[in-house]
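Descriptive analysis of the structure
Residue-level listing of the chains:
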Amino acid sequence: MTVAPRPEEREVLHPDALRGKVALVTGGGTGIGRATALDLARAGADVVVAGRRLEPLEKVVAEVESLGARGLAVVTDVREEDQIAALVTQALDQFGRIDILVNNAGGQFSAAAEDITLKGWRAVHRLAVDATWALTREVATRSMIPNRSGVVFFIAFSPRRGIPGFVHAASARAAIENLAAGLALEWSQYGIRSICVAPGTIATEGLGDNYTDEDRGRWAEAVPMGRLGSPEDVSGLIAFLASPGGSYITGTTIVVDGGADAWGIGHAAPAPEGGQQ
């Protein structure tokens, strides 16, 4: 399996491109969240990272501060409304504003559609949709709308047409895509942009822990560019879109998948049970 290198020292943008901006990144301790926090810090933004485990968050804050930016770690379960309010309060108390929100927190499990219970369905949608909306609204009403500026990022999935074993998660991310478009229609009047980024299969720590080399190799073969993505493939795009260079981009979904969505699933469909229909 081929995976892109992970350049730890790089400059996607000018070091002052986001100077004076404050970013809040959920799921900020690992994977795409960590990479995004660091790319935003490299461009000069101060960064609040939120997640359920303190240790990885503190490590990211140390990395952010080593880049010359200010950082803040806040342990948060974004499924809990009171913890969302407390997160935003701590961010505003520390930095006075939130200019960039990256809704990266999420979680799902693989299961055949017929095996997904209502409880499992609700658990995935509660995190991917309900919690994302609750935090977005909290940040918008308490900082972005009063300040008449800001950019909100949502994270979807590629391929966008549906993913076998993940109908619950894929449908939740489709809702997020529509949310990004709808908010652009309503909140552009306040100077707020909303953008959905749809990564393909990204070689994060979780992918390495939960899937085999055979799985990852098969997925890479379905990517026209011949490799899985790295977290930095996604974070670099988010940093650019948050910068003045992305100032005319809103209400859309940008796919980051090496061409996989254009290619299709890339492997044979399962044979129908009971013979040809």
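Taking an unreviewed UniProt entry as the reference, the protein chain is identified by name as Peroxisomal trans-2-enoyl-CoA reductase belonging to Sinomonas humi. Quoted straight from UniProt, the Subcellular location (unreviewed entry) entry for the protein chain says "Peroxisome". In its Function (unreviewed entry) section, UniProt records this for the protein chain: "Participates in chain elongation of fatty acids. Catalyzes the reduction of trans-2-enoyl-CoAs of varying chain lengths from 6:1 to 16:1, having maximum activity with 10:1 CoA. Has no 2,4-dienoyl-CoA reductase activity."

Turning our eyes to something else, we now look at the overall build of the protein chain. The secondary structure content of the protein chain amounts to nine helices and seven strands. Counting every position in the protein chain, which comprises 277 residues, the buried fraction comes to 49%. For the protein chain, the accessible area works out to roughly 13300 Å², and carbon and sulfur atoms hold 50% of it. Taking the average location of the 25 positive side-chain charges in the protein chain and that of its 33 negative ones, the two points are 4 Å from each other.

For the rest of this paragraph, the subject is helix α5 (residues 167-187). Three or four residues apart is the spacing at which side chains of an α-helix point the same way, because the helix has 3.6 residues per turn. If you check α5, its first and last C-alpha atoms are 30 Å apart, about what 21 residues at 1.5 Å a residue would give, namely 30 Å. Those residues of α5 that sit buried are H168, A169, A170, A172, R173, I176, E177, L179, A180, L183, A184 and W187. Taken together, the buried residues of α5 touch α4 (118-147), β5 (150-155), β6 (192-199) and β7 (253-256).

Before going further, it helps to examine the nonpolar core. Formed by 34 residues in total, the largest nonpolar core has its most connected members in L24, V48, L135, V139 and F154. Contributions of two or more residues to this core are made by β1 (22-26), β2 (46-51), β3 (71-75), α3 (81-95), α4, β5, α5 and β6. A per-element tally of this core places α4 first, with seven residues. Residues contacting L24, with those up to four places away along its chain left out, are V48, A50, L87, I98, I100, L101, V102, L135 and V139. Within the second largest apolar cluster, 33 residues are counted, among which are A41, I100, F153 and I195.

This next bit is on the sheet that holds β6. The sheet built from seven strands is open, its strands ordered β3-β2-β1-β4-β5-β6-β7 with parallel pairing. Looking at the sheet topology across the chains shown, the edges are occupied by β3 and β7. Across the sheet, the mean angle separating the axes of adjacent strands is 15° when strand polarity is ignored. Looking at chain direction, β2 and β3 are connected through five bridges and run parallel. Note on β3: the bridge partner recorded for A50 is V74. Each of β2 and β3 is contacted by helix α2 (residues 54-66), which is oriented at about 170° to β3, the strand it contacts most. Sheet contacts for helix α8 (residues 231-242): β4 (100-103), β5, β6 and β7; angle to β6, the most-contacted strand, approximately 165°.

Each value, and the rule that gives it
Residues numbered from 1 in each chain as written. Predicted model: local features only at pLDDT ≥ 70, side-chain atom pairs only at ≥ 80, totals over all residues. Heavy atoms only, no water. UniProt positions renumbered as here; feature names shortened; annotations may be inferred. Helix = DSSP H or I, 4+ residues; strand = E, 2+ residues; numbered from the N terminus. Buried < 20%, exposed > 50% of the residue type's maximum accessible area, 1.4 Å probe, protein only. Areas by Shrake-Rupley, 256 points an atom, 1.4 Å probe, with all protein chains shown as cover. Lys, Arg positive; Asp, Glu negative; His and termini not counted. Charge placed at Lys NZ, Arg CZ, Asp CG, Glu CD. Expected span 1.5 Å × (residues − 1). Contact = heavy atoms within 4.5 Å. Core = buried A, V, L, I, M, F, W, Y, C linked by side-chain atoms within 4.5 Å. Pairing = 2+ DSSP bridges. Axes fitted to C-alpha atoms, helices over the stretch in contact; angles between N-to-C directions.

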